[in-house]
Amino acid sequence: MKQIYGLCTALLVTAFSPLQPAQARPLEDAFRSLPNCTGGALTKEQSDVLKTYVQKFHASRNGVKTTPFETLLDHGAAVVSVATLRQGHDDVLIYLISKDFCASGGCGMLILNQISSHPEKPENRYRVVGHVASAHLPIQVLPSEHYKWPDLGFGNADTGREQGYAERLEFSGRHYPSTTTQVPRYEKKKLAAGRELIGTDISDFSHLCRLK
């Protein structure tokens, strides 16, 4: 039976490779202390709608019925970045840090774009354009793009000869790939021009908030 470790121990160390154990606690604390998205970057209605997308994502990837959002994030955080992918658009990226979404390959990530602001149909506010099963930090917005959506770069858990490489996700015209197993790998030094969206430097989280 697969062991489930606490977020503040082996899970975080693995998910944020190559972080060392001494670095895991400050990073976890930084994410958990982020300001509430509600009343800041998001309205309560927007926050509630995004929570339902997180619940659907969890249900679909685990083959279970809908689990209360609070239960999913009991031991972690949903880190949200709003309107940082495409200029002039209210895109949302949610990085899900908890035992329900993290494994040795990284943590789950949802990418949505707002397609409506109709107050009577909040459930149709967003469209999912990416649900990545496992993504390692740091996550970068790259200067290259496909179909007017930026390419996304992030680290991987590989070791040995693959250690100097990173994944790059390219928008297909409809969505980003849900897995990194078939995407091309690039030398990390070639991704240096990217803008870091969610990194491991806890001093640079001013554009992030927490869905709670």
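Residues numbered from 1 in each chain as written. Predicted model: local features only at pLDDT ≥ 70, side-chain atom pairs only at ≥ 80, totals over all residues. Heavy atoms only, no water.

### Things to note about the confidence of the model for the protein chain
Definition in use: Residue-level confidence of the predictor, termed pLDDT, takes values from 0 up to 100. Should any heavy atoms of two residues lie within 4.5 Å, those residues are counted as being in contact.
Overall, the prediction assigns the protein chain a mean pLDDT of 75, with 70% of residues at 70 or greater. Counting contacts from residues 1–23, a segment whose pLDDT is below 50, to residues more than four positions away or on other chains yields 42 contacts. For the stretch residues 157–162, pLDDT sits under 50, and the model shows six contacts to residues farther than four places along the chain or on other chains.

### Comments concerning unusual backbone geometry
This is how the line gets drawn: In DSSP terms, a helix is any run of H or I states spanning at least four residues, a strand is any run of E spanning at least two, and both are numbered starting from the N terminus. Categorising residues by exposure relies on relative accessible area from a 1.4 Å probe, with only protein chains included: less than 20% of the type maximum marks a residue as buried, more than 50% marks it as exposed, and the intermediate range marks it as partly exposed.
In this chain, Leu137 is followed by Pro138 through a cis amide linkage whose omega measures 0 degrees. As for its position among the elements, Pro138 is in strand E5 (residues 126–146). Look at Tyr147: it is not a glycine, yet its phi comes out positive at around 55 degrees. As for its placement among the helices and strands, Tyr147 is situated in the loop between E5 and strand E6 (149–155). When its relative accessible area of 58% is taken as the criterion, Tyr147 is described as exposed. In this structure, Lys148 is a non-glycine residue whose phi angle is positive, near 70 degrees.

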